[in-house]
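Listed below are the residues making up each chain.
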Amino acid sequence: MAGLCIAVFAVICLRMIWLIGRISRQSLELKENDANLRYMAFHDELTGLANRELLHDRVEQALASITRSGRLIALCMGDLDGFKTINDTLGHHVGDTMLVKVGALLESIVRPGDTVARLGGDEFAILMVDVENPTAAVEFAGRIVSVLHDAVEFEGNQAGISISVGVAFADSATPVEQVISEADAAMYEAKANGKNRVDVFQSSMRARLFKRLELTSGFRGSLERSEFFLSFQPIFSLGDRRLRGFEALVRWHHPTIGLVAPLDFIPIAEETGFIVPLGRWILLAACEQLAAWTALSNEPLTVAVNLSRRQLASPLLVDNIRTALALTAVHPLQLVLEVTESVLMENPEQAASALTELRALGIRIAVDDFGTGFSSLSYLQRFPVDVLKIDKSFVDPLNESEPASSALVTSIIGLAHSLSLEVVAEGIEREDQFERLIELGCDYGQGYLMARPLDREKSEALVESYQGSSAVP
Ligand code: C2E
Ligand code: MG
Ligand code: MG
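None of the values given here were measured: they were computed from a predicted structure.

Caption draft 1: Here's a closer look at the pairing of strand E6 (residues 228-237). Counting buried positions along E6 yields nine of ten residues, so the element is predominantly enclosed. Two strands pair when backbone bridges link them, and E6 and strand E7 (residues 243-254) are joined in this way by nine bridges, in the antiparallel orientation. Looking at the pairing, leucine 230 lines up with valine 250 of E7. With antiparallel pairing between neighbouring strands as the criterion, E6 and E7 make up a hairpin whose turn holds five residues, including arginine 241 at a positive phi of roughly 60 degrees. In terms of strand pairing, E6 meets strand E14 (residues 444-445) through two bridges, oriented antiparallel. Along E14, the bridge assignment pairs phenylalanine 236 with glycine 445.

Here it is, written out as structure tokens:
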């Protein structure tokens, strides 16, 4: 009996020990799970960096602690330049790898106690606590730019990667949201000022940020409300002064701001991706107008349409163009696509393959703003190009009485002709420039001297006035 009692007691004891072990294991697992969940809520999954929520917390803590020290905090907001193009052209896995590398690089240069965060997409932030003076923080922001720029080449992207950084400072009286939005505004300013650089927040930037937000939100539904329209600037053959065609230039009639110039909204449309549907609309509208001119004219006029970076990278481009040509019965030879030199140079392989595909449709390609980038004419041989547009800045100094002023234009025209390219001079404003360009053998020209961009009716009237005569405007 006693033996049995001892045995039962022993079994109960063992069972209890087992149960206690299991419960403590489970509570450990629960704790671990809890920690995991907390980690996930405050960190970016891809890079393991702090996320927006954690950054927000850290900024709040830092602001609270400087009340005592009287020092500053600095927030650097950085956005990778051209990252969307990389993602669109090289694929998301390359983009993701790049984001992880950038995160690691940033982590490697900050001081202990500072926070590196990824705020989503290609946007990073660095919180610097306990900043002695603004100059040191700005210098550090400069280091971010140079470190990324010097970093290892990224797969298929020899240009490496660059970042635009905005810096804002705060003392204990500054609300968290304000520091973040000011660093953001400074970052947009760095983008607008040419990228791959640092800008420090100034109060004047706030107004521009507001305008930017107004434009971005204004894109929604704008195409449906028909807020965009095209202007057409005539292009003339300089030798015989005949009308060659037009360049289509987009304008936005914003419901509250009024007329917005393309230089103000195209870069934002580009960043937000709105350029893709807008570009599709522009192409179709330009081809429709070309069909209307063609009905009024015996001559094969041309229309030139500007393509932005994102459009050229879009896999939809060729289809959109095919559709526009088919819907309007325009001959491909009458359509010219203008691409700026900087777009070509940013991603030469991708640009060359997109242009080759477009050329195969029979469309002609023009290099816009030639001379403003850093390319050489020999580099241009790599691209299937038909037309070269000399930038206005080279046309401005042209002067009949001073031969030195035309040295650059002379060599551009000579080399372009040796590559069998047509040359168009942009921004001709004076008679003496016009005469000099004829002497230099420039083929075509456009500018306020001959005509400003015209609305639809005026462009059609111009086409009609050219019928049966070689009239001079
Ligand atoms: P761009 O393609 O180089 O266009 C020429 C710009 O110079 C036009 O300004 C035109 O109005 C202006 N211009 C022409 N002749 C003269 C002149 O004699 N003197 C002066 N001072 N300016 C002259 P706009 O229309 O403001 O366009 C500016 C830029 O915006 C364009 O430069 C182009 O890069 C971009 N853009 C315009 N329309 C479109 C578009 O439909 N799509 C895209 N992606 N970009 C566009
Ligand atoms: Mg152009
Ligand atoms: Mg141009």
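Caption draft 2: The arrangement of the coordination of the magnesium ion (ligand 3) in detail. In the first shell of the magnesium ion (ligand 3), the protein supplies Asp368 (OD), Asp369 (OD), Glu426 (OE) and Glu426 (OE), at 2.0 to 2.5 Å from the metal. Donor residues for the magnesium ion (ligand 3) sit on one chain with the sequence pattern D-D-x56-E. The distance between the magnesium ion (ligand 3) and the magnesium ion (ligand 2) comes to 4.0 Å, with aspartate 368 serving as a donor to both metals. Separated by 58 residues along the polypeptide, aspartate 368 in strand E11 (residues 364-370) and glutamate 426 in the loop between strand E13 (422-425) and helix H17 (431-439) bring together distant segments of the chain. Both residues of the pair, aspartate 368 and glutamate 426, count as buried.

Caption draft 3: Representation of the domain arrangement of the chain. Domain assignment breaks the chain into domain 1 (52-202) and domain 2 (214-465). Centre-to-centre separation of domain 1 and domain 2, based on C-alpha positions: 36 Å. On the side of domain 2, eight residues touch domain 1, which itself brings seven residues to the contact. Regarding the contact of domain 1 and domain 2, the summed buried area is about 730 Å², with carbon and sulfur atoms giving 46% of it. Counting the surface domain 1 buries against domain 2, the share from its top three residues, Lys84, Thr85 and Thr89, is 50%. Our enumeration of links across domain 1 and domain 2 arrives at zero salt bridges. If you look at where domain 1 meets domain 2, you find zero residue pairs in polar contact (both at pLDDT 80 or more). Among the elements that line the side of domain 1 that touches domain 2, the one with the most residues is helix H3 (residues 83-90), at four residues. Of the residues belonging to the side of domain 1 that touches domain 2, the class tally is one nonpolar, three polar and three charged.

Cut-offs and rules
- Residues numbered from 1 in each chain as written.
- Chains lettered and ligands numbered in written order.
- Predicted model: local features only at pLDDT ≥ 70, side-chain atom pairs only at ≥ 80, totals over all residues.
- Heavy atoms only, no water.
- Buried < 20%, exposed > 50% of the residue type's maximum accessible area, 1.4 Å probe, protein only.
- Helix = DSSP H or I, 4+ residues; strand = E, 2+ residues; numbered from the N terminus.
- Pairing = 2+ DSSP bridges.
- Donors = N, O, S within 2.8 Å, 3.2 Å for Na, K, Ca; no water.
- Domains from an automatic or database assignment.
- Contact = heavy atoms within 4.5 Å.
- Buried area = accessible area lost by both parts, 1.4 Å probe.
- Salt bridge = Lys/Arg side-chain N within 4 Å of Asp/Glu carboxyl O.
- Polar contact = N/O pair within 3.5 Å; in protein donor to acceptor, adjacent residues only side chain to side chain.
- Nonpolar A, V, L, I, M, F, W, Y, C, P; charged D, E, K, R; others polar.

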